[in-house]
Amino acid sequence: MAFFTHRFLRSMSSTNSLAIKHITVIGGGLMGAGIAQVAAATGHSVILVDQAEDILKKSLKKIGDSVGRISKKKFIDKPEAGAEFVQQTLQKISTSTDPASAVRNTDLVVEAIVENVNVKQELFKKLDQCAPKNTIFASNTSSLSIGEMASATTRLDRFGGLHFFNPVPLMKLVEVIQTPETSQQTFEALMNFTKALGKKPVACKDTPGFIVNRLLVPYMLEAVRLHERGHGSKEDIDVAMKLGAGYPMGPFELLDYVGLDTSKFIIDGWHQMDPDNPLFAPSALLNKLVDEGKLGKKTGEGFYKYS
C-alpha cells in the first residue's frame, strides 16, 4: 500500500509539474495578441513579447478593445462585473521587448511570428538557451513542420504545436500537434491548457497543414483551378458552395478573407516538399494577383474588390 501511495503521489507530482500557469507569447500581431488575450482572460499570467514598444502598445490597445466588447456581451446586465473582468484580464498581461528574459520563469512559450521556418528556428534556438528545462515550447504555425522547428532545440520531447484560428477570442478550435518526439506528458499538458482556455482541442500529427488547412487549402486552390479552366465564374462557385454545401463562405470569399499571400505561401511550401502531388500544384491566377499586391480584404482587393 505504501509503495502504491508513493507511486501515486510521485505520478501526481510529475503531472502537476507540467501544469501551465505562466505563458510567454512571442509576437504581438493579430494571432499573438489574441492568444495572450484568451490566456489572460482565463486566469493565466502572460508576457507578450515583440520587437518594439510601439507594437506592444498597439497590441494592448487591440486586446483592451476586444475584451471590452466581450465583457459587454458577457455581462450585459452587470456593467460593474464587466468592468472588473476587463481590469483583471489586462492586469494579467505584461509586455517585453526582451525574449530571453521573458522566458526565464515561464511554463509555456507560444511562438506567433512570421511564417518562415528559418526565422522560427533561430528564435527557438536562442530561447532554448534561456528557458528552464521543463518549459514547453509550442508554435502557432498553420502549415510548417513542428519537428523541423524543434530540431533547433534540445527539448524535442517538450515541443509541440498549438494552432489557433483567427479571430482567436471567438474561434473555439485549436489544433494540438504532437511530433514523434513529443512526450505524452507534454502533449497532455498542451491539451489541458487548451481546454483551460475554453477551447476545443483536436489531436494532430505533424503532417503538412495538420487537419484543417490540409483539407481547406487544396479545396480553395481547386476552386481557383476550376475558374481558371473556365468551368465556372468565381461568383457562381461561391454561391454553389454556400447554398449547395452549406458553407458560410465560398472559396473565393474565404481566400480573400485569409489573404491570398498566406494561401500562396502555404501551397508553395507544400509544392516544394511534394512537387508531384497535383493537390499542391501552384495557381497562375493566384500568383498573378499576389504579384500585383491584390491580397484580399486587407489590401482592398483580391478576387473581389472591397470599398
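The preceding data block contains the structure.
The following paragraphs examine the structure supplied in this document. None of these values were measured; they are calculated from a predicted model.

Take the overall build of the protein chain next. Per the secondary structure count, the protein chain includes 13 helices and 8 strands. Compactness check: the protein chain gives a C-alpha radius of gyration of 21 Å against a globular reference of 19 Å for 307 residues, within 12% of the reference. Each of the three principal axes of the protein chain carries a C-alpha extent, and together these read 75 × 50 × 40 Å. By the burial criterion, 44% of the 307 residues in the protein chain qualify as buried. Within the protein chain, contacts between residues separated by at least 24 positions form 65% of all contacts whose residues are at least 6 apart in sequence. For the protein chain, the accessible area works out to roughly 15800 Å², and carbon and sulfur atoms hold 57% of it.

What follows is about the side chain of Asp107. Inspection of the secondary structure puts Asp107 in the loop between α5 (99-102) and β4 (108-111). An unpaired buried charge is present at Asp107: no salt bridge exists, and Lys21, the closest side chain of opposite charge, is 7.4 Å distant. A distance of 2.9 Å separates a polar atom in the side chain of Asp107 from the backbone nitrogen of Lys21. The residues contacting Asp107, other than those within four sequence positions of it, are Ala19, Ile20, Lys21, His22, Asn134, Thr135 and Ile136.

Before going further, it helps to examine a nonpolar patch on the surface. A cluster of nonpolar side chains, namely Met249, Tyr257 and Val258, defines an oily patch on the protein surface of about 230 Å² accessible area. Checked against the element boundaries, Tyr257 lands in helix α11 (residues 251-258).

Attention shifts here to the pattern of salt bridges. Inspection of the entire model under this criterion finds 14 salt bridges. For the salt bridge of Lys120 with Glu111, the shortest nitrogen-to-oxygen distance reads 2.2 Å. In this structure, Lys120 and Glu111 share a single accessibility class: buried. Measuring nitrogen to oxygen at the nearest pair gives 3.3 Å for the salt bridge that ties Asp157 to Arg158. Accessibility expressed as a relative area gives 31% for Asp157, which makes it partly exposed.

All right, on to helix α10 (residues 234-244) then. Turning to α10, its buried residues are Lys234, Ile237 and Asp238. Summarising the axial view, the buried residues of α10 lie within an arc of 100°, below the 170-degree limit, and thus occupy one face. Those residues of α10 that are exposed and angled more than 90 degrees off the buried face are Asp236, Leu243 and Gly244. Lining the buried residues of α10 we find α9 (212-228) and α11. Immediately beyond the C-terminal end of α10, within one or two residues, lies Gly246, with a positive phi of roughly 75°.

Definitions and limits used
- Residues numbered from 1 in each chain as written.
- Predicted model: local features only at pLDDT ≥ 70, side-chain atom pairs only at ≥ 80, totals over all residues.
- Heavy atoms only, no water.
- Helix = DSSP H or I, 4+ residues; strand = E, 2+ residues; numbered from the N terminus.
- Rg over C-alpha atoms; globule rule 2.2 N^0.38 Å.
- Buried < 20%, exposed > 50% of the residue type's maximum accessible area, 1.4 Å probe, protein only.
- Contact = heavy atoms within 4.5 Å.
- Areas by Shrake-Rupley, 256 points an atom, 1.4 Å probe, with all protein chains shown as cover.
- Lys, Arg positive; Asp, Glu negative; His and termini not counted.
- Salt bridge = Lys/Arg side-chain N within 4 Å of Asp/Glu carboxyl O.
- Polar contact = N/O pair within 3.5 Å; in protein donor to acceptor, adjacent residues only side chain to side chain.
- Patch = residues over 30% accessible without salt bridge, like charges linked within 9 Å, V, L, I, M, F, W, Y side chains within 5 Å.
- Arc of directions from axis to C-beta.

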